[in-house]
Amino acid sequence: MRARGVMLLRGLSRCLTVGIIRGFTPPPETPRLSWAAARLRFHSAGVFGIREQTLVAVKPDGVQRRLVGEIIQRFEKRGFQLVGLKLVQPTQDVLSEHYHDLHEKPFYSALIQYMSSGPVVVMVWEGCDVVRVSRMMVGDTNPADARPGTVRGDWCVHISRNAIHASDSVEVAKKEISLWFHSSELVEWESCTHKNTYNI
Ligand code: UDP
Ligand code: MG
């Protein structure tokens, strides 16, 4: 009786295991994932949310002041993963879409003029809670209120030249990433530091 119970349990656990592995089977057009890659994808998307993405941009003043390298380094050292990066001269169309919710603000035209005055470096960073953490790393909109240790708190003085942009919610991040990047410009890659960054 006991042996039959054990066999039943073994059978059930085998079914479950096979079922879970089948759940990870990639669609036929993509290359077969290794078990480790499949497990990482499962954890990323479902459990730990380590595939959350945000748009970060070094604004024209930040580029002119050669802050790009230091800003990238902060995000890298924090443990986030770079999945998109380019230097662009933003068009009025992209900027008016990017700042559409501010179009009635008195500073709107000055903002668009300043943002189109030179190249910006746009990036997509990925990681757990990256939207929320990036906003903390960037600091308050007005550098006078931004804490030391934040980008704006360390390197900026005036609200009109605050060096950096970061998406303010996951939903906004998705829209901003698709506005600034074509999906083919984003690179999905497996970081060898994942195991030292997350409990996976
Ligand atoms: N801005 C400005 N004057 C203001 C408020 C905002 O020039 O009084 C600019 C500033 O560059 C800011 C951007 O408009 O970063 C977008 O404003 P938002 O409120 O979205 O601030 P952020 O999300 O960048 O902190
Ligand atoms: Mg904003």
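Residues numbered from 1 in each chain as written. Chains lettered and ligands numbered in written order. Predicted model: local features only at pLDDT ≥ 70, side-chain atom pairs only at ≥ 80, totals over all residues. Heavy atoms only, no water.

**Brief notes about the pairing of strand β3 (residues 120-126)**
For β3, a buried count of seven out of seven residues is recorded, marking the element as mostly surrounded by other parts of the structure. What you see with β3 is no split at all: V120, V122, V124 and E126 on one side and V121, M123 and W125 on the other are buried throughout. Note that strand β1 (residues 53-58) and β3 share six bridges and pair antiparallel. Note that in β3 the partner of V56 across the bridge is M123. Pairing analysis gives seven bridges linking strand β2 (residues 81-88) to β3, with the strands arranged antiparallel. Across the sheet, residue V88 finds its bridge partner in β3, namely V120. (Buried < 20%, exposed > 50% of the residue type's maximum accessible area, 1.4 Å probe, protein only. Helix = DSSP H or I, 4+ residues; strand = E, 2+ residues; numbered from the N terminus. Pairing = 2+ DSSP bridges.)

**Description of the confidence of the model for the chain**
Note that predicted coordinates carrying low pLDDT should not be read in detail. Within the chain, residue pLDDT values average 86, and 76% of them lie at 70 or more. Ranking the helices and strands of the chain by mean pLDDT puts strand β4 (residues 164-166) first, with 99, and helix α1 (residues 2-23) last, with 46. (pLDDT = per-residue confidence, 0-100.)

**Section: the site of ligand 1**
The full set of residues close to ligand 1 is K59, Y99, L102, F107, L111, R135, T141, R152, I159, S160 and N162. One of the side-chain N or O atoms of T141 is found 2.5 Å from an oxygen atom in ligand 1. Contact distances for ligand 1 include 2.8 Å between an oxygen atom and a side-chain N or O atom of N162. Protein contacts shield 78% of the accessible area of ligand 1, which totals 510 Å² for the unbound molecule. Of the residues in the shell around ligand 1, the class split is five nonpolar, three polar and three charged. (Near = heavy atom within 4 Å. Polar contact = N/O pair within 3.5 Å; in protein donor to acceptor, adjacent residues only side chain to side chain. Areas by Shrake-Rupley, 256 points an atom, 1.4 Å probe, with all protein chains shown as cover. Nonpolar A, V, L, I, M, F, W, Y, C, P; charged D, E, K, R; others polar.)

**A short note on the sheet that holds β1**
Here four strands make up an open sheet; going across it, the order is β2-β3-β1-β4 and the pairing antiparallel. In the strand order of this sheet, the two ends are held by β2 and β4, each with one partner. Within this sheet the neighbouring strands show an average axis-to-axis angle of 15°, counted without direction. Where β1 and β4 come together, three bridges link them in antiparallel fashion. Across the sheet, V56 pairs through a bridge with A166, a residue of β4. Sheet strands in contact with helix α4 (residues 68-78) are β1, β2, β3 and β4, and its direction is about 5° off that of β3. (Axes fitted to C-alpha atoms, helices over the stretch in contact; angles between N-to-C directions. Contact = heavy atoms within 4.5 Å.)

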